[in-house]
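Spelled out, the chains give:
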Amino acid sequence: MADPSSYRPKPGEIPDSPGVYKFRDEHRRVIYVGKAKNLRQRVANYFQDLANLHPRTRTMVTTAASVEWTVVSTEVEALQLEYSWIKEFDPRFNVKYRDDKSYPYLAVTLNEEFPRVQVMRGAKKKGVRYFGPYGHAWAIRETVDLMLRVFPVRTCSAGVFKNAERTGRPCLLGYIGKCSAPCVGRVTPEEHRELAEDFCAFMAGRTGTYIRRLEKDMAQAAEEMEYERAARLRDDAGALKRAMEKSAVVLADATDADLIAVAEDELEAALQIFHVRGGRVRGQRGWVTDKVEAVDTSGLVEHALQQLYGEERGDAVPKEVLVPALPEDPDAVAQWLTDRRGSQVSLRIPQRGDKKDLMATVQRNAQQALGLHKTKRASDLTTRSRALEEIAEALGLDAAPLRVECYDISHLQGDDVVASMVVFEDGLARKSEYRRFQIKGFEGQDDVRSMHEVIGRRFKRYLQEKERTGEGDEQHASDAPATEAAPPAAGPAPGSPETAEGPPAAGPAPGSPETAEGPSAVGPVPGAPEAAGGPGALEGPAVPAGLTAPTAPEGPAATGPVPAPPIAPASPDDATGPREEDGRPKRFAYPPQLVVVDGGQPQVAAAQRALDELGIHDIAVCGLAKRLEEVWLPDDDDPVVLPRSSEGLYLLQRIRDEAHRFAITYQRAKRAKRIRSSPLDDVSGLGETRKQALIKHFGSVKKLRQATIDQICEVPGIGRRTAESVAAALAATAPAAPAVNTATGEIIEEDDGDSS
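Note that the structure is a prediction, hence the values are computed from the model and not measured.

(A) Region of the structure containing the overall build of the protein. When helices and strands are tallied, the protein shows 21 helices and 21 strands. For the protein, buried positions account for 49% of its 756 residues. In the protein, the share of contacts with a sequence separation of at least 24, taken over all contacts with a separation of at least 6, comes to 67%. Carbon and sulfur atoms form 51% of the exposed surface of the protein, whose accessible area is close to 36,300 Å².

Now the structure itself:
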C-alpha cells in the first residue's frame with residue numbers, strides 16, 4: 001500500500017485551469033481517469049487525510065503511485081479527452097457499465113450498392129443505418145416481414161445475391177413480391193436505393209406520409225375500378241399499421257428523445273435507457289456497474305452519457321436527453337452532445353406531463369433490473385471470496401491470490417503442439433489477457449518439456465518488462481540464464497510474439513506466444529469487442545473417429561528426472577516490446593500470485609524449475625491433476641486433497657477447464673489451417689485475392705500446375721515475375737507419381753480446387 005504523500009505534487013505545480021488527470025499504479029498502469037474545471041482544487045482533494053476520504057477513493061489513492069495531468073482549453077475538450085482515455089486505458093477504478101447480452105439492431109447497409117436490411121449485433125459500422133436496439137431478434141424479423149410488402153428491399157446475404165446474379169433467377173422473396181430482385185435487374189440500383197431510404201424514413205418515425213399516400217392511391221384505384229390493386233394497397237397500409245402497433249405510442253408525434261434512469265445502492269447501480277423515436281419506444285437496454293469510485297447520481301449519469309454517445313454521430317444522438325439528475329457541468333455535456341449530433345441537443349430533467357410519467361416507468365425498470373442483478377450475484381461475491389480464501393489456506397499462501405494464471409498443453413499425437421495461458425482476476429476471467437503459444441523448441445510429444453518452455457518464456461518477458469520500466473530487481477536479470485539473451489539477428493526467432501488470427505507478414509516464428517483476440521502488432525487492445533464464447537471460440541474440426549489426443553502422465557506415477565531444455569530465445573520484438581509509458585496493458589507485464597498448471601507432479605516440477613532458473617521465488621505454483629482432481633505442490637510427494645464440495649476446488653477446476661478449452665480450440669484451428677494449406681501459400685507476395693483469382697481462372701491447382709507462364713500472365717493482376725514464382729512453386733511441389741487406390745487399382749485424380 002502506497003502512501004499518497006510520497007507522490008503528492010508540490011504546491012503550485014498543478015495549474016488551476018480545466019484539464020484531465022490520471023493516476024497510475026506501481027506498474028505504470030492507469031487505474032483512474034478524471035476531469036476537472038480546476039485541476040488544482042480537484043487533485044488536491046485526493047491528498048487530504050485518508051480518514052476523510054470515501055473508502056473507494058482511499059483504496060484508489062493508496063493503490064496509485066503517481067498522478068499526471070493534461071491541461072485543455074475548455075470543459076468540453078476535457079470531457080472528450082476523459083472519454084478517450086477511459087476507453088483507451090480501461091482504468092479499474094472508473095465506473096464501467098456492463099451488460100451480459102448483445103442487443104440486436106435493425107440495420108440497413110446504405111454503404112453497399114444494393115442496400116440490405118438485416119439484424120446486426122456488436123460494434124457499429126460506418127455507412128450503416130441502425131434502428132433499435134431491440135430486446136429480441138425475432139421482434140426485428142416480424143417488423144421487417146410486415147414492411148417488405150411496401151418496401152421490398154433486399155434481405156439476402158452476399159453469397160445468395162451473387163448466386164442469383166449468376167443464374168439469373170431470384171430467390172423465393174423475389175417471386176412472392178417481398179424483394180424487388182435487383183440481383184436480376186428488375187429494378188435499377190437507384191430505384192432500389194430509393195426503396196431503402198424510404199424504409200429508413202419510415203423506421204425513423206415519418207410514418208404518416210407513407211400511410212396517407214397508400215390510402216390515397218387505394219381510393220384512386222377504387223374509383224378507377226382497379227379493385228385488385230386497391231385491395232393490395234389496402235393490405236400494404238394494414239401491414240404498415242401493424243408494424244407501427246408493435247411499438248407503443250408514449251409521446252407526441254415527432255418526439256425524438258432518450259430517457260435515462262438510474263437505480264443504485266451503496267455498491268452497485270443499474271441504468272435503463274428507453275429510445276423514443278417519432279413518439280414511439282423503438283428500443284430499450286440496460287447496464288449494471290460496480291461503484292468502484294465515490295460517485296453520486298449525477299456522476300453516474302455523466303458516465304452513462306459518455307459511454308452511450310461517445311461513438312455516435314448525427315441522428316444517433318437524439319434531439320432531447322431526459323435524465324434523473326444533471327451532470328456536474330450540464331452546459332459542457334450538452335455542448336458535447338450538440339457537437340456529436342451536429343445540431344442543438346436538450347439535456348434536462350422532465351418536470352411534468354407524459355415525459356415525467358414515462359421517466360417513472362423507466363425508473364421502475366431500473367429498480368427491477370438492479371433487484372434481479374443482485375439476486376443473481378449475491379451469492380457470487382461471497383462464493384468467489386470464499387473460494388480464494390480456501391485456495392490460499394490450502395496452499396499456505398499469505399494472502400488470497402487475486403491474479404491466477406493457468407497453463408495447459410494441447411496436441412494431437414505430438415503434432416501441432418500448442419499451449420494456452422488464461423488469467424483470472426478476483427475469481428473472474430480476464431479474457432483480454434489470455435495468451436497462446438506455439439511449442440517449437442523441440443519436436444514430438446513431451447508435455448513436461450513444453451510446460452517448462454512456456455513458463456520460462458512467459459516470465460522471462462515479465463522480467464524484461466520490469467527492467468525496461470526500471471522496476472525490476474537487478475538480481476533477477478543477473479540470475480537469468482545466458483541462453484535466454486535475445487539474439488542480435490534480425491527477423492523472428494523462437495519465442496517471438498504472434499497474433500491469434502494469423503502470423504505477421506514475415507511468417508510465424510517457432511514457439512511464438514500469441515494474443516487471445518485478433519491481430520495486434522504490439523499487444524492486446526483494451527476492451528476489444530469479442531465474440532460469444534470468449535477468445536478463440538471458433539472451433540476447428542473435431543478429432544477424427546478412432547483417434548484420441550494423448551495427454552501427459554499425471555500424478556506420482558510419472559516419475560523420474562526430466563532434462564530441462566533451454567528456454568526458447570526471445571526475438572528482437574521481445575527486446576523492444578510494447579510502449580510502457582502510455583499506460584496500455586503490456587503482454588506479460590503483471591505477475592500472478594499463483595500459477596496453476598494442468599497436470600500432476602511432473603508438470604508442477606517443470607514449472608517451478610523454470611521459475612527457479614529465472615530467479616523468481618515469490619510466485620506460488622500448483623497443479624491440478626484430472627485423474628482424482630488432486631492439487632500438487634512443488635517438492636511435495638503427497639497431493640493436497642480439497643473436499644469435493646470446496647468452493648476453492650471448484651474455482652481451480654473452472655480455471656483449469658478454461659485453459660484446456662482455450663488450448664484445444666487453438667490446436668484444432670491450427671491443425672485445420674495446416675490441412676487447408678496450398679502450394680500457393682509459399683509464393684512470396686501472392687495474397688489471398690490473387691490466389692483466388694488464379695484458382696477461379698484455371699479451376700484447380702492441378703490445371704494451374706499444367707499452365708505455362710504466358711497462360712498464367714493472362715490472369716488479371718498477375719505479372720510475369722509473379723507468374724514465374726507461381727510456376728516454380730508448383731513445380732517444386734508436383735507429385736512424383738499419381739496416387740493409386742490399392743484396393744481397386746484405380747488412379748486417384750488430384751482434385752485440389754478448394755485448397756487455396
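We are not done yet, so read on.
(B) Molecular detail of a negative patch on the surface. A contiguous patch of negative charge, built from Glu-113, Glu-165, Glu-190, Glu-191, Glu-194 and Glu-197, is present on the exposed surface. A per-element tally of the negative patch places helix 7 (residues 189–203) first, with 4 residues. Mapped onto the elements, Glu-197 comes out in helix 7. For Glu-197, a relative accessible area of 44% gives the class partly exposed.

(C) Up close: the sheet that holds strand 8 (residues 268–277). Ordered in space as 9-8-7-10-11, the 5 strands form an open sheet in which the pairing is mixed. The strands lining the two open edges of the sheet, one partner per strand, are strand 9 (280–290) and strand 11 (346–348). Taken pair by pair, the neighbouring strands of this sheet meet at an average axis angle of 15 degrees, ignoring direction. Across 3 bridges, strand 7 (residues 257–264) lies against strand 10 (residues 320–322) in parallel orientation. By the bridge assignment for strand 10, Asp-258 is matched with Val-321.

(D) Focus on empty space enclosed by the protein. Taken as a whole, this structure holds 2 cavities of 30 Å³ or more when the rule is applied. Each pocket or cavity is described by its volume, and for the second largest cavity that value is around 40 Å³. Looking at the second largest cavity, the residues that line it are Arg-154, Cys-156, Val-160, Phe-161, Ala-164, Cys-171, Cys-179, Pro-182 and Cys-183. Looking at side-chain class alone, the lining of the second largest cavity contains 8 nonpolar, no polar and 1 charged residues.

(E) View of unusual backbone geometry. In this structure, Arg-28 is a non-glycine residue whose phi angle is positive, near 70 degrees. Summarising the element assignment, Arg-28 is placed in the loop between strand 1 (19–24) and strand 2 (30–36). Positive phi outside glycine occurs at Asp-426, with the angle close to 55 degrees. Tracing the backbone shows Asp-426 in the loop between strand 13 (415–425) and strand 14 (428–429).

(F) Summary view of the nonpolar core. The biggest cluster of nonpolar side chains holds 27 residues, and the ones touching the most others in it are Tyr-407, Met-451, Val-454, Ile-455, Phe-459, Val-595 and Ile-616. Mapped by element, the contributors of at least two residues to this core are strand 12 (403–412), strand 13, helix 13 (447–468), strand 17 (594–598), helix 16 (601–613) and strand 18 (620–625). Residue contacts for Tyr-407: discarding those within four places in its chain leaves Ser-420, Met-421, Met-451, Val-454, Ile-455, Arg-458, Phe-459, Val-595, Val-596, Val-597 and Asp-598.

(G) Up close: the packing of helix 3 (residues 75–89) against helix 11 (residues 330–341). Where helix 3 meets helix 11, the axes come as close as 9 Å, and the angle between the chain directions of the two elements is 70 degrees. Between helix 3 and helix 11, the angle is such that the two are roughly perpendicular. Here helix 3 contributes Glu-75, Val-76, Leu-79 and Gln-80 to the contact with helix 11, which in turn contributes Ala-332, Val-333, Gln-335, Trp-336 and Asp-339.

(H) Expanded view of the pattern of salt bridges. Tallying each qualifying case throughout the model produces 24 salt bridges. A salt bridge links Arg-29 to Asp-25, with the shortest nitrogen-to-oxygen separation between them at 3.6 Å. Take Arg-29: its relative accessible area is 19%, and that puts it in the buried class. Taking the shortest distance from any N to any O, the salt bridge between Glu-425 and Arg-403 comes out at 3.0 Å. Placement of Glu-425 in strand 13 and of Arg-403 in strand 12 is noted, with a sequence separation of 22 residues between them. In the salt-bridge network here, residues are joined through shared partners; they are Arg-403, Glu-405, Glu-425, Arg-430, Glu-433 and Arg-458.

(I) Local environment of a nonpolar patch on the surface. A cluster of nonpolar side chains, Leu-172, Tyr-175 and Ile-176, forms an exposed patch at the surface whose accessible area comes to about 370 Å². Here Leu-172 shows up in helix 6 (residues 172–175).

(J) Structural view of the sheet that holds strand 2. Pairing is antiparallel in the open sheet, where 3 strands are placed in the order 2-1-3. The open sheet has two free edges, formed respectively by strand 2 and strand 3 (66–71), since each of these has just one partner strand. Direction aside, the axes of adjacent strands within the sheet are offset by 20 degrees on average. Strands in contact with helix 3 are strand 1, strand 2 and strand 3; relative to strand 2, the strand with the most contacts, it is inclined by about 170 degrees.

(K) The confidence of the model for the protein, seen in detail. In the predicted model, the protein carries a mean pLDDT of 75, and the fraction of residues at 70 or more is 75%. Here helix 15 (residues 572–576) stands out as the element of the protein with the lowest mean pLDDT, 36, in contrast to strand 17, whose mean of 92 is the highest. Long-range and interchain partners of residues 473–580, a stretch whose pLDDT sits below 50, account for 226 contacts in this model, where long-range means more than four residues apart. Counted against residues more than four places away or in other chains, residues 750–756, with its pLDDT under 50, gives 19 contacts.

What counts, and where the lines are drawn
- Residues numbered from 1 in each chain as written.
- Predicted model: local features only at pLDDT ≥ 70, side-chain atom pairs only at ≥ 80, totals over all residues.
- Heavy atoms only, no water.
- Helix = DSSP H or I, 4+ residues; strand = E, 2+ residues; numbered from the N terminus.
- Buried < 20%, exposed > 50% of the residue type's maximum accessible area, 1.4 Å probe, protein only.
- Contact = heavy atoms within 4.5 Å.
- Areas by Shrake-Rupley, 256 points an atom, 1.4 Å probe, with all protein chains shown as cover.
- Patch = residues over 30% accessible without salt bridge, like charges linked within 9 Å, V, L, I, M, F, W, Y side chains within 5 Å.
- Salt bridge = Lys/Arg side-chain N within 4 Å of Asp/Glu carboxyl O.
- Lys, Arg positive; Asp, Glu negative; His and termini not counted.
- Charge placed at Lys NZ, Arg CZ, Asp CG, Glu CD.
- Pairing = 2+ DSSP bridges.
- Axes fitted to C-alpha atoms, helices over the stretch in contact; angles between N-to-C directions.
- 1 Å grid on protein atoms, 1.4 Å probe; cavity = no way out; pocket = protein on both sides within 12 Å on 5 of 7 lines; lining within 4 Å.
- Points joined across faces, edges and corners; volume = space filled by probe spheres on them.
- Nonpolar A, V, L, I, M, F, W, Y, C, P; charged D, E, K, R; others polar.
- Core = buried A, V, L, I, M, F, W, Y, C linked by side-chain atoms within 4.5 Å.
- Parallel < 35°, antiparallel > 145°, perpendicular 65-115°, else oblique.
- pLDDT = per-residue confidence, 0-100.

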